[in-house]
Amino acid sequence: MQNLSSRFWKLEQFNPSSAWQQLMLQAIREAPDSFLVLNTPRGVHDTPRTINAKLSKNADQMSKRWHDWHDTTEYKKLTHFLDKTCFCISSELPDYVPTVNRFFRLISDRCFLFSNLSGFFQGPTLPALHNLAKNPTHYFYSHEYLIQKFNSAISQAPTELESKLQHTRDELFTLSFPSYEVDAREYFTHWLQQQNIPDHIIEKIQSRFLIDYIKHQQSLTVLSHGEIFTENLDKTFDELKKNLISLYQSCVLRRRHLRRYSKDPLSNQIIEIKLNKREHIPQAAYYDVIHDLSRLFRAYTHSLRDQAYCKDLPESVNPYHLEILDQVYTRVSKLPSAIQPLVFWHLFTAATSKLAHGKLQSFRFMPKKYAPSDQKKSPDDFQYNRTKKILLDIQLFDYLLDVLPPDDREYAKFNFYVFTHFDRFPHFKTSSPKAPTKSPYTFNLSPAYDDCVDQLGGLIRYHIDHCIPHSVSWLNHELPANTSLTKRMDSLSTLLLYDASLLPIKRRLTNRVNNLLQSSAKDNNTLNYVDQYIQQKNSSTGFYSDDKVIEYVTNLQKDHNLYFEGQTQISQNLVVSSTDSAECARLVIQYYLQEQEVLLARKALYRLAAKLIPENLFEHGSPFSDS
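Residues numbered from 1 in each chain as written. Predicted model: local features only at pLDDT ≥ 70, side-chain atom pairs only at ≥ 80, totals over all residues. Heavy atoms only, no water.

A. Local environment of the overall build of the protein chain. Of regular secondary structure, the protein chain possesses 26 helices and four strands. For the protein chain, the share of sequence-separated contacts (at least 6 apart) that also reach a separation of at least 24 residues comes to 78%. About 29,500 Å² of surface is accessible on the protein chain, with carbon and sulfur atoms providing 48% of the total. (Helix = DSSP H or I, 4+ residues; strand = E, 2+ residues; numbered from the N terminus. Contact = heavy atoms within 4.5 Å. Areas by Shrake-Rupley, 256 points an atom, 1.4 Å probe, with all protein chains shown as cover.)

Shown next as structure tokens:
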């Protein structure tokens, strides 16, 4: 279990041993109204809670993973340590992440490694590093200030107790801070009772001194040991481990498939089948697998007509296709099981019309050549009909894996990847058909976005696209004392629904913000708004403040009149105050700015992937080089 007691109680005694601790200490010292100022005003929301926080059973393992990442990184700016997006878009990213192993850890993480994300899971009882850096005057106090607070608490004590209380104060400062699994307030109160301090004086010490002292000590502990890993962070840590394992397993599987394929490539499996014209045979004479293949082919052709607009296909399939399937199956059943679904997939997709009309006379299975650009195209790069046809074709193959189950399902999918070049497309979630007479095949399956045709490349792309969560919770909120975050989110939801109903679309705030950012990005003569927003977050190596970001977005809002339209109507009909409405509009603007920042981070990660991930792991070249 983590050792959470700090070895010092004065910030001046703290000796940083890593780059992130040095930057944190610099930020605290550079903050306006720094901890050396005695009477810093305290907001109503800053009163700490001293209830116990249960540490995770995996706290030691979590702490080791956290320190393995951060203690070995020579951060150049505090934002690179605290903010994952700033870390990813920094020019130092290649130096921060020089190996594949470290890159996999970065993209496997969601809300564990970086405090701007993990801090939201800590709960209100613990100070996160992100909060310590943003508001150090709310967490750290000078030695003189704490003595002053204690003396204030005992100012009305009897004279004969003065010497005893001064000794108690000095001894209290030398106590080790208790574990977070112990209620700190109860711990110190019990200790004061053991010193035979009268209850009415203990109450004064509790209200005037202990709250600030506990918060100060909690903050020193976090600064000394890093984040405190409670049960609230278990899920985020488990997610990181699960994602990391899946990436490593996918790499191992890809290398195994490549070795196997090099010994027996698809070019060795070229087959030609001449079909014999035979008289009509009763359907009952065919094996069940032929009927399964027939039902699947019928469903496939129906989906092509209905969804991909292939109007040249007949509405009903010629019954003679059963005989064709039977002859092909007789030959294909002698091939390795990993090839069989692919051969029938090629038959169904390359000879669809002839098979449907019952006129197919011969069939040849062999890999075909693709243009270099085709293999790197995503579903959005093709015309709608072409994309729809490819998605139906992939669903067909996933069904064939159920109808003709191979000994090694993953290797069969690898052969499909090599043969089709549908690298950027996903596989689909199927369930084995059970109905023996009625066709159970539906071509409206849900895509499995973490299971691409190029499984390794797709999985890496999936984690790059999802490793930086973007939610309204991570924006910079200004909340008055009488407003909760829940109330603010209710107002934001109401206003966004109202905004979505406005016509024409150009009246909508979301549309106006998006157009402004796009026009700014096209203007090469000025620094665009997204770049300016990022500059506000990275303007200093020291003090890290939300105020800079809020001020910049507020000025952008005023300069371009970016408010929800119909302020009077909003106030009267939607029960949202004008102040709340303006603040919600600012959050919308910041969300759009932050989304563009996240997109820049993803592009940087794709560039890094192209640099770090060996290209020989992919049959069709690096899947990241053009991202």
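B. Seen up close, helix α15 (residues 321-332). If you check α15, its first and last C-alpha atoms are 16 Å apart, about what twelve residues at 1.5 Å a residue would give, namely 16 Å. Counting buried positions along α15 gives nine out of twelve residues, so the element sits mostly inside the fold. Within α15, the full set of buried residues consists of H321, L322, E323, I324, L325, D326, Q327, V328 and V332. Looking at the buried side of α15, the elements it contacts are β1 (271-274), α14 (288-307), α16 (340-350) and α17 (352-356). (Expected span 1.5 Å × (residues − 1). Buried < 20%, exposed > 50% of the residue type's maximum accessible area, 1.4 Å probe, protein only.)

C. Quick look at the nonpolar core. Within the largest apolar cluster, 130 residues are counted, with the highest numbers of intra-cluster contacts made by F103 and F348. Of the residues forming this core, the biggest block, ten residues, is contributed by helix α18 (residues 384-403). Once residues lying within four places of it in the same chain are set aside, the contact partners of F103 are V97, I460, I464, L605, L608, A609, L612 and I613. (Core = buried A, V, L, I, M, F, W, Y, C linked by side-chain atoms within 4.5 Å.)

D. Structural view of the pairing of β1. Side-chain alternation along β1 places I271 and I273 on a buried face and E272 and K274 on a face that remains uncovered. Two elements, β1 and strand β2 (residues 362-365), share four bridges in a ladder whose sense is antiparallel. Residue pairing in the sheet places E272 in a bridge with R364 of β2. (Pairing = 2+ DSSP bridges.)

E. Inspection of the packing of helix α21 (residues 485-500) against helix α26 (residues 578-612) at higher detail. Running from N to C, α21 and α26 cross one another at 75°; their axes reach a closest spacing of 10 Å. One element, α21, and the other, α26, form an angle in the roughly perpendicular class. Facing R488, M489, S491, L492, L495 and L496 of α21, the residues of α26 in contact are D580, S581, E583, C584, L587 and V588. Class assignment of the residues belonging to the contact of α21 with α26 gives a composition of seven nonpolar, two polar and three charged. (Axes fitted to C-alpha atoms, helices over the stretch in contact; angles between N-to-C directions. Parallel < 35°, antiparallel > 145°, perpendicular 65-115°, else oblique. Nonpolar A, V, L, I, M, F, W, Y, C, P; charged D, E, K, R; others polar.)

F. The arrangement of α14 in detail. Helix length check: α14 (20 residues) gives 28 Å between terminal C-alpha atoms against 28 Å at 1.5 Å per residue, within 8%. By the criterion of burial, α14 is predominantly enclosed, with 15 of the 20 residues buried. Looking one or two residues beyond α14, the residue adopting positive phi is Y309, at roughly 60°.

G. Seen up close, the packing of aromatic side chains. Enumeration according to the criterion identifies 38 aromatic pairs in this entry. The lysine or arginine in question, R102, covers the ring of W69, its NZ or CZ lying 3.8 Å from the ring centre. The ring of Y411 has R260 lying over it, and the distance from NZ or CZ to the ring centre is 3.8 Å. (Phe/Tyr/Trp six-rings, centres within 6.5 Å; stacked < 30°, edge-to-face > 60°. Lys NZ or Arg CZ within 6 Å of the ring centre and 35° of its normal.)

H. How the structure looks around the confidence of the model for the protein chain. Averaged over every residue, the pLDDT of the protein chain is 85; residues scoring 70 or more account for 87%. Highest mean pLDDT in the protein chain belongs to helix α6 (residues 100-108) (98); lowest belongs to helix α25 (residues 567-573) (63). Within the model, the stretch residues 34-51 combines pLDDT values under 50 with 44 contacts to residues more than four positions away or in other chains. (pLDDT = per-residue confidence, 0-100.)

I. Up close: the environment of P314. With respect to the secondary-structure elements, P314 resides in the loop between α14 and α15. The sequence separation of P314 and T301 amounts to 13 residues, and the corresponding C-alpha distance is 8.3 Å.

J. Representation of the packing of α6 against helix α20 (residues 455-466). It is at 8 Å that the axes of α6 and α20 come closest, and there the two elements cross at 55°. Overall, the two elements α6 and α20 adopt an arrangement that is oblique. Between α6, through F103, F104 and I107, and α20, the contact on the second element is made entirely by I460, H463 and I464. In terms of residue class, the contact of α6 with α20 is made up of five nonpolar, one polar and no charged.

K. Quick look at the side chain of R102. The residue R102 is located in helix α6 in this model. Here R102 sits buried without a salt bridge, and the closest side chain of opposite charge, D68, lies 8.6 Å off (N-O distance). Among the polar contacts made by the side chain of R102, one reaches the main-chain carbonyl oxygen of Y96 at a distance of 2.5 Å. Each residue touching R102, except ones within four places of it in the same chain, is listed here: D68, W69, T72, T73, Y96 and V97. (Lys, Arg positive; Asp, Glu negative; His and termini not counted. Salt bridge = Lys/Arg side-chain N within 4 Å of Asp/Glu carboxyl O. Polar contact = N/O pair within 3.5 Å; in protein donor to acceptor, adjacent residues only side chain to side chain.)

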